[in-house]
Amino acid sequence: MALNLRQKQTECIIRMLNLNQPLNQSGTANEEVYKILIYDRFCQNILSPLIHVKDLRKHGVTLYFLIDKDRKPVHDVPAVYFVQPTQSNIQMIIADTSRSLYDTFHLNFSSSIPRPLLEELASGTLKSSSVEKVSKVHDQYLEFVTLEDNLFSLAQQSTYVQMNDPSAGDKEIEAIIEKVASGLFCVLATLGVVPVIRCPRGGPAEMVASLLDQKLRDHLLSKNNLFTEGGGFMSSFQRPLLCIFDRNFELSVGIQHDFRYRPLVHDVLGLKLNRLNVQGEKGGMKSFELDSSDPFWSANSSLEFPEVAVEIETQLNKYKRDVEEVNKRTGGGSGAEFDGTDLIGNTKHLMNAVNSLPELTERKQVIDKHTNIATALLGQIKERSIDAFTKKESDMMMRGGMDRAELMAALKGKGTKMDKLRFAIMYLISTETINQSEVESVEAALNEAEADTSAFQYVKKIKSLNVSLAASANSASRSNIVDWAEKLYGQSISAVTAGVKNLLSSDQQLAVTRTVEALTEGKANPEIDSYLLLDPRAPKSSSGGGSHVKGPFREAIVFMIGGGNYVEYGSLQELTQRQLTVKNVIYGATEILTGSELVEQLGVLGKKMGLGGRVGSASSSGH
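Residues numbered from 1 in each chain as written. Predicted model: local features only at pLDDT ≥ 70, side-chain atom pairs only at ≥ 80, totals over all residues. Heavy atoms only, no water.

Peer 1: Describe the sheet that holds strand S13 (residues 555–561), with residues and values.
Peer 2: With mixed pairing, the seven strands of this open sheet are ordered in space as S6-S7-S14-S13-S9-S8-S12. Strand pairing shows two members of the sheet lacking a second neighbour, strand S6 (145–148) and strand S12 (532–534), which therefore form its edges. Recorded for the sheet is a direction-independent mean angle of 20° between the axes of neighbouring strands. Across three bridges, the pairing between S6 and strand S7 (residues 151–153) is antiparallel. Bridge pairing in S7 links threonine 146 to phenylalanine 152. (Pairing = 2+ DSSP bridges. Helix = DSSP H or I, 4+ residues; strand = E, 2+ residues; numbered from the N terminus. Axes fitted to C-alpha atoms, helices over the stretch in contact; angles between N-to-C directions.)

Put into structure tokens, the structure is as follows:
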């Protein structure tokens, strides 16, 4: 059976809401207990895409509060806490127990609580004589946000900046690597699988892979083993392959414009935690939810936008025909809207009509929702020429550059400052050699548009570093700047320019997808033969090349350090449709970023390196 992360995480949360009791067939606890739920902001974001208010009610949660809000005592009721194991949360829990706010305290931490904090909790509750109030303490290993069955985010913001910050010391880098590896460990613990790990050598991907391998090895030796798949030898068909990459592996995908429905909704309308707000027809904002419970979204989110518009029209016409049919059968009028008032006449058809009412109403709501979203998108597309940017960027990557007149026309035409900045960076990445006078014209056009050019300057600087690095690779002398560049990117120093060779082959397949396809097939391939192979279940000495784990693999987990996006996610899901070996791919990242958010992070790095641009706040947060 295919791994389903959303289902697994939801099951863990429901068990937690039922005081970690075993659940019966209907998915509820045998004994219903009314309780209160307390969470912090981070855990609220974990719950938000998975559990709705009606679900909370079903599992006996009558009240729910943020931990840092002022709360009144509620006696004779147990409280379920779901929070990150942080110092401030521990202090608030100790304060709550000492005031006896609730009858008993069921503490659930989103990841493993460090020993010093556990000791602080124990001594704090002992001092206030409230230790008996704490019923249980659980490590839940749920420190990630699942957005779809096969999509997750560790919700670790600005990782790209932190990983590539020239002023970051070893300690800071190690702390980030630890945080990323712990988040991935939570995902694997929730799925209950120990994967075979592959990644490019050098840079953040190898650092995370090595640490995760060590964490899994240590855990497999402990008594309380979370991985129930059974030890010993298992065929690689049953174990998933975990492929870890760093955003610099293919920077361009995170920046380019895209014309498919899901990436457009994310990029243009700001889809966050599966929710978005759209201007309603009569003014005012409308809030919509987009997830697997929406059949139209599930079926059409990977289509190009014009195809989605046609599909909305088709669904609307089908709805009208079905309403007409019901009205005809029941002797009602032939109006397109169906309100149920004309149900007089043929009693035989009456019941059928009544039964089809809820389904028709639901279909109409879905059609209205997507009509609203498509209208909002269309307005932005026309205003900003997003379709033109998408096509030109794709052409640039294919041809390795662009005609100067066309380039300048695009920079002086429609589009926001950010659209033009993204387009200019795509131009930089796509050209093999930098034409100085052309680059100066591009900079002048960006300044004219009053865009902050620090992100552009940053990519230009890294690109010129790569060129000089390639030139000096054969000579023995290496300057400080090259050493610095090595520290920054490990062996993937040429990664930014590799975006050119990496990005689009003739069939426009992304480098990540192409690489994952090769890795899951497990055949000899010069592109991936140098990749690191780690198997946490194999003896340490043989880990480098245990032949039994070479593949093929039916399932893969693909993880992107420094920010993922819906373009890559869509591309990997398409891979499972058209390829015979891999049947299921779960995609995750430190955070899911729009093109603008990634460019803002590049801009922060540019400023840290003292590179130009208008100073503007660069707040960036994916989800």
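We are not done yet, so read on.
Peer 1: An account of helix H22 (residues 595–608) is needed here, citing residue identities and associated values.
Peer 2: Spanning 14 residues, H22 covers 20 Å between terminal C-alpha atoms, matching the ideal 20 Å at 1.5 Å per step. In terms of burial, H22 is a largely internal element, ten of the 14 residues being buried. Restricting attention to buried positions, one finds in H22 the residues Gly595, Ser596, Glu597, Leu598, Val599, Gln601, Leu602, Gly603, Leu605 and Gly606. Directly beyond the C-terminal end of H22, a positive phi value near 75° is found at glycine 610. (Expected span 1.5 Å × (residues − 1). Buried < 20%, exposed > 50% of the residue type's maximum accessible area, 1.4 Å probe, protein only.)

Peer 1: Describe in detail the side chain of aspartate 213, supporting the description with residues and values.
Peer 2: With respect to the helices and strands, aspartate 213 occurs in helix H8 (residues 203–221). Aspartate 213 gets classed as buried once you look at its relative accessible area, which sits at 3%. Sequence-distant contacts of aspartate 213, that is, excluding residues within four places in its chain, are made with Ile197, Leu534, Asp535, Pro536 and Lys540. (Contact = heavy atoms within 4.5 Å.)

Peer 1: A description of the packing of helix H9 (residues 261–269) against helix H21 (residues 566–578) should follow, citing residues and the corresponding values.
Peer 2: Relative orientation of the contacting elements H9 and H21 amounts to 165°, with a least axis distance of 9 Å. What the angle tells us is that H9 and H21 run roughly antiparallel. Where H9 crosses over H21, the two elements pack in a sense that is right-handed. Of the residues in H21, those in contact with Arg262, Pro263 and His266 of H9 are Tyr566, Val567, Tyr569 and Gly570. (Parallel < 35°, antiparallel > 145°, perpendicular 65-115°, else oblique. Left-handed = near helix turned anticlockwise from the far one by under 90°.)

Peer 1: I'd like a rundown of the nonpolar core, residues and numbers included.
Peer 2: Core analysis: the largest hydrophobic core is formed by 78 residues, its most contacted members being Phe245, Ile373 and Leu377. Per element, the largest residue contribution to this core is eight residues, and it comes from helix H12 (residues 347–384). Residues in contact with isoleucine 373, not counting those within four places in the same chain, are Tyr261, Val265, Leu269, Leu276, Val278, Phe288 and Leu290. One finds Leu188, Cys199, Leu242 and Leu534 within the second-largest nonpolar core, a separate group that totals 39 residues. (Core = buried A, V, L, I, M, F, W, Y, C linked by side-chain atoms within 4.5 Å.)

Honestly, that's just the spatial picture; any functional story needs more than this.
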